[in-house]
Amino acid sequence: MKSIDTTNMCSHLQRKLFAPDGEYRAIREQIEADPTLTAVVLSRQLHIYRDGKKILVLAGKSAPKIIREDKLTEFL
């Protein structure tokens, strides 16, 4: 199980990811469980990659940006 580095992550996004009732909690659990997913914090946002290709960008206050259709986007 890998963890997500919260250094330089927006506090709103941290709450959405790590709160027990956070709206991105299911996505965080998938990232931690799936070895093909990688999450990187860039510009206080969480950029999510599957096999090196960007699929999703999560931000604290704005809506998530879906880059590619993926089974992970079903959790939004």
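Everything below is about the structure printed above this text.
Residues numbered from 1 in each chain as written. Predicted model: local features only at pLDDT ≥ 70, side-chain atom pairs only at ≥ 80, totals over all residues. Heavy atoms only, no water.

Visitor: Tell me about the sheet that holds strand β4 (residues 65-66), and name the residues and values.
Guide: Reading across from one edge, β1-β2-β3-β4 is the order of the four strands in this open sheet, with antiparallel pairing throughout. Either end of the sheet is taken by a strand with one partner, and the two such strands are β1 (37-42) and β4. Across two bridges, strand β3 (residues 53-58) lies against β4 in antiparallel orientation. Along β4, the bridge assignment pairs L56 with I66. (Pairing = 2+ DSSP bridges. Helix = DSSP H or I, 4+ residues; strand = E, 2+ residues; numbered from the N terminus.)

Visitor: Mind laying out the pairing of strand β2 (residues 45-50), listing which residues take part and the relevant values?
Guide: Most of β2 sits inside the fold, with five of its six residues counted as buried. As paired elements, β1 and β2 share six bridges and run antiparallel to each other. Bridge assignment links L37 to a residue of β2, and that residue is R50. Taking the residues between adjacent antiparallel strands as the criterion, β1 and β2 are bridged by two residues, where S43 takes a positive phi near 55 degrees. (Buried < 20%, exposed > 50% of the residue type's maximum accessible area, 1.4 Å probe, protein only.)

Visitor: I'd like a description of the nonpolar core, backed by residues and values.
Guide: Counting 16 residues, the largest nonpolar core has L13, I27, L46, I48 and L58 as the members making the most contacts within it. When residues of this core are traced back to their parent elements, those giving at least two are α1 (11-18), α2 (25-33), β1, β2 and β3. Dropping the residues within four chain positions of it, L58 is found in contact with L13, L17, Y24, I27, Q45, L46, I48, P64 and L76. (Core = buried A, V, L, I, M, F, W, Y, C linked by side-chain atoms within 4.5 Å. Contact = heavy atoms within 4.5 Å.)

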